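Chains, contacts and geometry: an overview
The primary structure of each chain is shown beneath.
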Amino acid sequence: MTLSGGALAGLGEGTRVRVRTQDSREVVLKVIESREDSAIARLGRGENVRVGDTAVVTDAPATARLFFPEPGVPRLRYGFHARPFLALDAKTREGKSARAGGLLLDAFIAWRPGDLPLVLSAQLDPVGFGLGTGLRHSPGSAYVAAAYSTDFLEVGIGAGALFGQKACITQFDYDPNTYEPINPRTFCDSNAGVSFQQVLRLGALDGFHIAWNSAILSRDNQFRFGSGRGEVQVPLTPSLSLFGAGGGSASGWNFGELGVRSFLKGTGGAGTTVLSASLGIVSLSDGTGEALTGPSIAIGIERRP
């Protein structure tokens, strides 16, 4: 942030200034560079100011917090995280070696209507696509949810669906004399259907947090495990965080990754762009027991207009 006053106005390096924003919030910033008629102060995570905000010198400590910033819940967020991967030891239906790979993709939009602590979201969480074997590998899950959301807590429920291929197995009877398998029968089961979603975040969205969401699959008058995925984020600097994430589903997608997340623009509020990059492993099942599995290099973008 650039201040209109500089050294001539008493704003030397290390001076702290209290800024009252136009939305009635206050932040205390530290001057990091001073000239005769201007000065530059560093904004912390979640701290936002605009042209026209007023600033006064203060002895109060800087308000920037790395692990537990208080940016408020963004009005609108949307983005994606794409994980292309190279499948190792992939085979076709006939058992021949194949050059194969695929993509595991997240996409989401989250909206906070009005000033209520309520967030409505829709998410592909995630969807997989496998290529190169002649077999279908397209497991995925999607949901919509409503959540109570504050600076340090989000908890909600929703509904969605899991989709993928049928898993088929062959069962035999055995000859009582020779014990050889006879009467082969094929049974197919699908881990797809309507699901009930749970969403949880403990900690700050842009600071340290632990996040989890899971789905309970409803089919054949039974409730089964559908999917689960989690994330831990640890801030390293005012603009850079380390995160680890992973999960899996009954419909056939699994992944694990370790990466970094950085503010390309902004500090967490409106006008922010966040870049994520990670390395990991992805596995997609076609429902027959043969899975596409291999390393992935992932990238993601999040926008907060």
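Residues numbered from 1 in each chain as written. Predicted model: local features only at pLDDT ≥ 70, side-chain atom pairs only at ≥ 80, totals over all residues. Heavy atoms only, no water.

Turning our attention to the overall build of the protein chain. Broken down by element type, the protein chain carries zero helices and 19 strands. Taking 305 residues into account, the globule formula puts the C-alpha radius of gyration at 19 Å, and the protein chain, at 25 Å, lies well above it. When the backbone C-alpha atoms are referred to their principal axes, the protein chain occupies close to 100 × 40 × 25 Å. Residues counted as buried form 40% of the 305 residues belonging to the protein chain. A separation of at least 24 residues holds for 55% of the contacts in the protein chain among residues at least 6 apart in sequence. Accessible surface computed for the protein chain: about 16000 Å², of which carbon and sulfur atoms make up 60%. Charge centroids of the protein chain, computed over 29 positive and 28 negative side chains, lie 3 Å from each other. (Helix = DSSP H or I, 4+ residues; strand = E, 2+ residues; numbered from the N terminus. Rg over C-alpha atoms; globule rule 2.2 N^0.38 Å. Buried < 20%, exposed > 50% of the residue type's maximum accessible area, 1.4 Å probe, protein only. Contact = heavy atoms within 4.5 Å. Areas by Shrake-Rupley, 256 points an atom, 1.4 Å probe, with all protein chains shown as cover. Lys, Arg positive; Asp, Glu negative; His and termini not counted. Charge placed at Lys NZ, Arg CZ, Asp CG, Glu CD.)

A few words now on the packing of aromatic side chains. Under the defined criterion, the tally for this structure stands at five aromatic pairs. Considering the side-chain rings of F67 and F68, the 6.5 Å spacing of their centres and the 55° angle between planes classify their relative orientation as tilted. According to the relative accessible area criterion, F67 is partly exposed, its value standing at 37%. Judged by its relative accessible area of 39%, F68 is partly exposed. Here F68 and F152 contribute two aromatic rings whose centre-to-centre distance is 6.2 Å and whose plane-to-plane angle is 75°, an arrangement assigned as edge-to-face. (Phe/Tyr/Trp six-rings, centres within 6.5 Å; stacked < 30°, edge-to-face > 60°.)

Another aspect to go through is the pattern of salt bridges. Counting across every chain of the model gives 13 salt bridges. A salt bridge links R229 to D125, with the nearest nitrogen and oxygen atoms 2.9 Å apart. You can see R229 sitting in strand β15 (residues 222–235) and its partner D125 sitting in strand β8 (residues 118–131), a full 104 residues away along the chain. Salt-bridge contacts for E231 lead to R261; the nearest nitrogen and oxygen are separated by 3.2 Å. Remark: R261 occurs in strand β17 (residues 253–265) and E231 occurs in strand β15; sequence separation between them is 30 residues. Here the residues in one salt-bridge network are R83, D106, D125, R229 and E257, joined through shared partners. (Salt bridge = Lys/Arg side-chain N within 4 Å of Asp/Glu carboxyl O.)

What follows covers the pairing of strand β18 (residues 272–285). Examined bridge by bridge, β17 and β18 share twelve bridges and lie antiparallel to one another. When the sheet's bridge partners are listed, F255 is paired in β18 with V282. Where β17 folds back on β18, the antiparallel hairpin that results is connected by six residues, among which G266 adopts a positive phi of roughly 80°. In terms of strand pairing, β18 meets strand β19 (residues 291–304) through 14 bridges, oriented antiparallel. Note on β19: the bridge partner recorded for S283 is T293. (Pairing = 2+ DSSP bridges.)

For the rest of this paragraph, the subject is unusual backbone geometry. With an omega of -15°, the peptide bond between D125 and P126 qualifies as cis. In this structure, P126 sits in strand β8.

Okay, the nonpolar core next. Counting residues in each nonpolar core, the largest one holds twelve residues, listed as F85, A87, A90, A100, L104, F243, A245, W253, F255, V282, L284 and L292. Counting residues per element, the ones that place at least two in this core are β6 (76–87), β7 (100–111), β16 (240–249), β17 and β18. Ignoring anything within four residues of it in the chain, the contact list for A87 reads A100, G101, L292, T293 and G294. One finds V17, V27, A39 and A41 within the second-largest nonpolar core, a separate group that totals nine residues. (Core = buried A, V, L, I, M, F, W, Y, C linked by side-chain atoms within 4.5 Å.)

With respect to the helices and strands, N254 occurs in strand β17. Put simply, N254 and S285 are 31 residues apart on the chain and 8.7 Å apart in space, counted from C-alpha to C-alpha. Non-local contacts of N254, meaning those with residues more than four positions away in its chain, are made with L104, G247, G248, S249, I281, V282 and S283.

In space, the five strands of this open sheet follow the order β1-β4-β3-β2-β5, with antiparallel pairing throughout. Edge positions in the open sheet fall to β1 (2–3) and β5 (54–58), since each of these has one partner strand only. Relative to strand β3 (residues 26–34), strand β2 (residues 16–20) runs antiparallel, the two being bridged by five bridges. Across the sheet, residue V19 finds its bridge partner in β3, namely V27.

Note that all results are geometric; they support no functional claim without further evidence.
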